[in-house]
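Observations on the three-dimensional arrangement
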Amino acid sequence: SGFTQEETEYVLLDLQFLGITDLLVLRGDKAKHETVFTPEGDGHHHALDLQQQINNFNKGIFVDGSEMKVTNTPFSYGVACYPEKHEEAPNPEADLAVLKQKADMGAAYAVTQLFYDNAKYFDFVDRARGAGITIPIIPGIKPFAKLSQLSVVPKTFHCDLPQDLALEIRKCKTDEEAKQVGIEWTVEQCRELIGHGVPSIHFYTVSAVDSIREIARQIY
(Lines give C-alpha, C1' and ligand atoms only; values in the text may rest on other atoms or scores of the structure.)
Protein backbone atom coordinates (compact mmCIF):
# COMPACT_ATOMS: atom_id res chain seq x y z
CA SER A 1 0.00 0.00 0.00
CA GLY A 2 1.20 3.51 -0.74
CA PHE A 3 3.40 2.41 -3.68
CA THR A 4 2.88 2.79 -7.39
CA GLN A 5 4.18 -0.03 -9.59
CA GLU A 6 7.22 2.07 -10.48
CA GLU A 7 7.99 2.74 -6.81
CA THR A 8 7.70 -0.99 -6.10
CA GLU A 9 10.18 -1.62 -8.90
CA TYR A 10 12.64 0.86 -7.36
CA VAL A 11 12.37 -0.98 -4.04
CA LEU A 12 13.01 -4.33 -5.75
CA LEU A 13 16.11 -2.88 -7.41
CA ASP A 14 17.36 -1.51 -4.08
CA LEU A 15 16.75 -4.80 -2.28
CA GLN A 16 18.51 -6.77 -4.98
CA PHE A 17 21.47 -4.39 -4.87
CA LEU A 18 21.67 -4.95 -1.10
CA GLY A 19 21.56 -8.72 -1.56
CA ILE A 20 18.15 -9.09 0.11
CA THR A 21 16.31 -11.68 -1.96
CA ASP A 22 13.83 -13.33 0.45
CA LEU A 23 10.66 -11.28 0.71
CA LEU A 24 7.32 -11.40 2.49
CA VAL A 25 4.83 -10.15 -0.08
CA LEU A 26 1.91 -8.18 1.40
CA ARG A 27 -0.50 -5.85 -0.32
CA GLY A 28 -0.87 -3.84 2.86
CA ASP A 29 -3.88 -2.59 4.81
CA LYS A 30 -6.31 0.13 3.91
CA ALA A 31 -5.66 3.55 5.41
CA LYS A 32 -7.50 4.43 8.62
CA HIS A 33 -9.73 6.93 6.83
CA GLU A 34 -10.68 4.47 4.05
CA THR A 35 -13.69 2.16 4.03
CA VAL A 36 -12.14 0.04 1.25
CA PHE A 37 -8.54 -0.39 0.14
CA THR A 38 -7.47 2.14 -2.49
CA PRO A 39 -4.16 1.65 -4.34
CA GLU A 40 -1.69 4.47 -4.81
CA GLY A 41 -1.89 5.52 -8.47
CA ASP A 42 -1.44 2.38 -10.56
CA GLY A 43 -0.44 0.40 -7.48
CA HIS A 44 -1.69 -3.11 -6.85
CA HIS A 45 -5.17 -4.01 -5.60
CA HIS A 46 -4.11 -7.47 -4.45
CA ALA A 47 -1.02 -9.35 -3.32
CA LEU A 48 -1.44 -11.58 -6.40
CA ASP A 49 -0.75 -8.54 -8.59
CA LEU A 50 2.36 -7.76 -6.56
CA GLN A 51 3.50 -11.37 -6.96
CA GLN A 52 3.08 -11.04 -10.73
CA GLN A 53 5.28 -7.95 -10.78
CA ILE A 54 7.96 -9.78 -8.77
CA ASN A 55 7.71 -12.83 -11.04
CA ASN A 56 8.19 -10.61 -14.09
CA PHE A 57 11.12 -8.89 -12.38
CA ASN A 58 12.67 -12.31 -11.79
CA LYS A 59 12.33 -12.97 -15.52
CA GLY A 60 14.17 -9.73 -16.28
CA ILE A 61 11.14 -7.70 -17.33
CA PHE A 62 10.59 -4.15 -16.07
CA VAL A 63 7.13 -2.68 -15.42
CA ASP A 64 7.25 -0.82 -18.75
CA GLY A 65 7.92 -4.11 -20.58
CA SER A 66 11.59 -3.44 -21.31
CA GLU A 67 14.23 -6.06 -20.56
CA MET A 68 16.94 -5.77 -17.91
CA LYS A 69 20.44 -5.81 -19.32
CA VAL A 70 21.75 -7.47 -16.17
CA THR A 71 19.80 -9.85 -13.93
CA ASN A 72 20.84 -10.94 -10.46
CA THR A 73 19.68 -13.52 -7.92
CA PRO A 74 15.90 -13.89 -8.30
CA PHE A 75 13.61 -13.15 -5.37
CA SER A 76 11.94 -15.90 -3.40
CA TYR A 77 8.99 -14.92 -1.26
CA GLY A 78 6.32 -15.86 1.22
CA VAL A 79 2.77 -14.56 1.47
CA ALA A 80 0.10 -13.96 4.10
CA CYS A 81 -2.81 -16.25 4.94
CA TYR A 82 -5.76 -16.02 7.30
CA PRO A 83 -6.98 -18.89 9.52
CA GLU A 84 -10.06 -16.83 10.39
CA LYS A 85 -10.54 -15.36 6.89
CA HIS A 86 -9.37 -12.08 5.41
CA GLU A 87 -11.83 -9.27 6.13
CA GLU A 88 -12.41 -8.72 2.40
CA ALA A 89 -13.10 -12.37 1.57
CA PRO A 90 -16.81 -13.27 1.26
CA ASN A 91 -16.28 -16.68 2.88
CA PRO A 92 -13.50 -19.06 4.04
CA GLU A 93 -13.63 -21.06 0.81
CA ALA A 94 -12.99 -18.00 -1.35
CA ASP A 95 -10.18 -16.93 0.98
CA LEU A 96 -8.56 -20.37 0.68
CA ALA A 97 -8.85 -20.20 -3.11
CA VAL A 98 -6.76 -17.00 -3.04
CA LEU A 99 -4.06 -18.75 -1.00
CA LYS A 100 -4.06 -21.56 -3.57
CA GLN A 101 -3.47 -18.96 -6.29
CA LYS A 102 -0.65 -17.41 -4.27
CA ALA A 103 1.01 -20.82 -3.90
CA ASP A 104 0.53 -21.67 -7.57
CA MET A 105 2.11 -18.34 -8.54
CA GLY A 106 5.32 -19.20 -6.70
CA ALA A 107 4.99 -18.43 -2.99
CA ALA A 108 7.51 -20.54 -1.06
CA TYR A 109 5.62 -20.37 2.23
CA ALA A 110 2.73 -18.60 3.97
CA VAL A 111 2.63 -16.81 7.33
CA THR A 112 -0.71 -16.61 9.12
CA GLN A 113 -2.46 -13.61 10.55
CA LEU A 114 -2.19 -13.69 14.32
CA PHE A 115 -4.51 -16.04 16.19
CA TYR A 116 -5.04 -17.17 19.78
CA ASP A 117 -6.90 -20.44 19.22
CA ASN A 118 -4.65 -23.22 17.89
CA ALA A 119 -7.66 -25.29 16.84
CA LYS A 120 -8.41 -22.67 14.19
CA TYR A 121 -4.84 -22.92 12.86
CA PHE A 122 -4.92 -26.72 12.75
CA ASP A 123 -8.30 -26.68 10.98
CA PHE A 124 -7.01 -24.10 8.50
CA VAL A 125 -3.94 -26.18 7.66
CA ASP A 126 -6.11 -29.27 7.17
CA ARG A 127 -8.42 -27.38 4.83
CA ALA A 128 -5.44 -25.95 2.94
CA ARG A 129 -3.95 -29.41 2.42
CA GLY A 130 -7.34 -30.64 1.28
CA ALA A 131 -7.37 -27.84 -1.29
CA GLY A 132 -4.00 -28.94 -2.67
CA ILE A 133 -1.89 -26.25 -0.95
CA THR A 134 1.43 -27.88 -0.04
CA ILE A 135 3.67 -24.96 0.96
CA PRO A 136 4.67 -24.56 4.64
CA ILE A 137 2.11 -22.61 6.66
CA ILE A 138 3.89 -20.77 9.48
CA PRO A 139 1.79 -19.73 12.50
CA GLY A 140 1.93 -16.01 13.29
CA ILE A 141 1.79 -15.33 17.01
CA LYS A 142 1.37 -12.06 18.93
CA PRO A 143 1.30 -12.18 22.74
CA PHE A 144 -1.54 -10.34 24.44
CA ALA A 145 0.19 -7.37 26.09
CA LYS A 146 -2.27 -4.90 27.64
CA LEU A 147 -5.86 -4.51 28.76
CA SER A 148 -6.99 -2.31 25.86
CA GLN A 149 -6.21 -5.14 23.43
CA LEU A 150 -9.27 -7.00 24.69
CA SER A 151 -11.36 -4.92 22.30
CA VAL A 152 -8.68 -3.65 19.92
CA VAL A 153 -7.23 -6.98 18.79
CA PRO A 154 -10.47 -8.60 17.52
CA LYS A 155 -11.48 -5.38 15.78
CA THR A 156 -8.10 -4.63 14.20
CA PHE A 157 -6.94 -8.12 13.26
CA HIS A 158 -10.32 -9.78 12.74
CA CYS A 159 -9.60 -12.71 15.01
CA ASP A 160 -11.49 -14.12 17.96
CA LEU A 161 -10.18 -14.33 21.51
CA PRO A 162 -10.91 -17.69 23.14
CA GLN A 163 -13.34 -17.38 26.04
CA ASP A 164 -10.80 -18.75 28.54
CA LEU A 165 -8.29 -16.06 27.56
CA ALA A 166 -10.87 -13.29 27.59
CA LEU A 167 -12.04 -14.30 31.07
CA GLU A 168 -8.48 -14.29 32.44
CA ILE A 169 -7.78 -10.86 30.94
CA ARG A 170 -10.96 -9.43 32.45
CA LYS A 171 -9.71 -10.46 35.89
CA CYS A 172 -6.59 -8.30 35.43
CA LYS A 173 -6.41 -4.89 37.05
CA THR A 174 -3.28 -3.59 35.31
CA ASP A 175 -1.49 -3.88 31.97
CA GLU A 176 1.34 -5.72 33.69
CA GLU A 177 -1.07 -8.41 34.91
CA ALA A 178 -2.53 -8.70 31.41
CA LYS A 179 0.97 -8.97 29.98
CA GLN A 180 1.77 -11.90 32.28
CA VAL A 181 -1.45 -13.66 31.27
CA GLY A 182 -0.45 -13.10 27.65
CA ILE A 183 2.97 -14.64 28.21
CA GLU A 184 1.52 -17.71 29.93
CA TRP A 185 -1.11 -18.20 27.22
CA THR A 186 1.41 -17.82 24.40
CA VAL A 187 3.92 -20.21 25.97
CA GLU A 188 1.27 -22.93 26.11
CA GLN A 189 0.08 -22.04 22.63
CA CYS A 190 3.62 -22.29 21.20
CA ARG A 191 4.39 -25.54 23.00
CA GLU A 192 1.31 -27.11 21.46
CA LEU A 193 2.21 -25.80 18.01
CA ILE A 194 5.78 -27.10 18.30
CA GLY A 195 4.41 -30.44 19.50
CA HIS A 196 2.40 -30.64 16.29
CA GLY A 197 5.53 -30.10 14.20
CA VAL A 198 4.92 -26.63 12.78
CA PRO A 199 7.66 -25.52 10.34
CA SER A 200 8.58 -22.54 12.56
CA ILE A 201 6.86 -19.76 14.50
CA HIS A 202 6.65 -16.15 13.38
CA PHE A 203 6.33 -13.65 16.23
CA TYR A 204 4.68 -10.27 15.73
CA THR A 205 6.85 -8.09 17.95
CA VAL A 206 5.06 -4.71 17.94
CA SER A 207 4.44 -3.65 21.56
CA ALA A 208 5.43 -7.14 22.73
CA VAL A 209 9.23 -7.37 22.49
CA ASP A 210 9.81 -8.09 26.18
CA SER A 211 7.04 -10.67 26.23
CA ILE A 212 8.46 -12.48 23.22
CA ARG A 213 11.91 -12.53 24.76
CA GLU A 214 10.49 -14.30 27.82
CA ILE A 215 8.33 -16.64 25.73
CA ALA A 216 11.30 -17.62 23.59
CA ARG A 217 13.35 -18.30 26.71
CA GLN A 218 10.67 -20.68 27.98
CA ILE A 219 9.86 -22.55 24.79
CA TYR A 220 13.36 -22.84 23.31
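For the structure, check the block above.
Residues numbered from 1 in each chain as written. Predicted model: local features only at pLDDT ≥ 70, side-chain atom pairs only at ≥ 80, totals over all residues. Heavy atoms only, no water.

**Overview of the pairing of strand E3 (residues 109-114)**
Note the following rule: Each residue is placed in one exposure class: buried if its accessible area under a 1.4 Å probe, protein chains only, is under 20% of its type's maximum, exposed if it is over 50%, and partly exposed if it falls in between. Only DSSP runs of H or I reaching four residues or more are called helices, and only runs of E reaching two or more are called strands; each is numbered from the N terminus. Should DSSP find at least two bridges between two strands, the strands are regarded as paired. When the strands point away from the viewer and the connection leading from the first strand across the helix to the second strand turns clockwise, the crossover is called right-handed.
Counted residue by residue, E3 has 5 buried out of 6 residues, so it is predominantly covered. As defined by bridge partners, strand E2 (residues 76-81) adjoins E3 across 4 bridges and the pair is classed as parallel. Within E3, the position partnered with Cys81 by the bridge is Thr112. A crossover connection joins E2 to the parallel E3 through helix H3 (residues 92-104); in handedness this β-α-β unit is right-handed. Bridge analysis of E3 against strand E4 (residues 137-141) gives 3 bridges, and the strand direction is parallel. Of the residues in E4, the one forming a bridge with Ala110 is Ile137. Following the backbone out of E3, through helix H4 (residues 118-130) and into the adjacent parallel E4, one traces a crossover that is right-handed.

**A short note on empty space enclosed by the protein**
The condition is simple: The definitions used throughout rest on a 1 Å grid laid over the protein atoms alone, on which a cavity is an enclosed set of points accommodating a 1.4 Å probe that cannot get out and a pocket is an open set flanked by protein within 12 Å on both sides along at least five of seven lines; lining residues are those having an atom within 4 Å of a point. Grid points are joined across faces, edges and corners, and a volume is the space filled by probe spheres set on the points. Polar here means any residue outside two lists: the nonpolar Ala, Val, Leu, Ile, Met, Phe, Trp, Tyr, Cys and Pro, and the charged Asp, Glu, Lys and Arg; Gly therefore counts as polar.
Counting across every chain of the model gives 1 cavity of 30 Å³ or more. Roughly 30 Å³ of volume is contained in the largest cavity. As for the largest cavity, its lining consists of Gln16, Phe57, Asn58, Gly60, Met68, Thr71, Asn72 and Pro74. Here the lining of the largest cavity is built from residues that sort into 3 nonpolar, 5 polar and no charged.

**Some words on the packing of aromatic side chains**
How we decide: Two rings from Phe, Tyr or Trp (for Trp, the six-membered ring) form a pair when their centres sit within 6.5 Å of each other. Planes less than 30 degrees apart are called stacked, planes more than 60 degrees apart edge-to-face, and all others tilted.
Within this structure, the stated rule accounts for 3 aromatic pairs. Where Phe57 meets Phe75, the ring centres are 5.7 Å apart and the plane angle is 45°; that geometry is what we call tilted. Remark: Phe75 occurs in the loop between helix H2 (47-58) and E2 and Phe57 occurs in helix H2; sequence separation between them is 18 residues. Look at Phe57 and you get buried, because its relative accessible area is 3%. A centroid spacing of 5.4 Å and a plane angle of 5° characterise the contact between Phe115 and Tyr121, whose relative ring orientation is stacked. Accessibility assignment for this pair places Phe115 and Tyr121 in one class, buried. Connected via pairs of aromatic rings, a cluster forms that spans Phe115, Tyr121 and Phe122.

**Some words on the sheet that holds E2**
The following threshold applies: Note on contacts: a residue pair is in contact if any heavy atoms of the two residues lie within 4.5 Å. Axis definition: a line fitted to C-alpha atoms, over the contacting stretch in the case of helices. Angles run 0 to 180 degrees between N-to-C directions.
Pairing is parallel across the open sheet formed by 5 strands, whose spatial order is E1-E2-E3-E4-E5. Two strands in the sheet have a free side with no partner beyond their single neighbour: strand E1 (22-25) and strand E5 (202-203). Each of E2 and E3 is contacted by H3, which is oriented at about 175° to E2, the strand it contacts most. Docked against the sheet, helix H7 (residues 175-195) engages E4 and E5, running at close to 170° with respect to E4.

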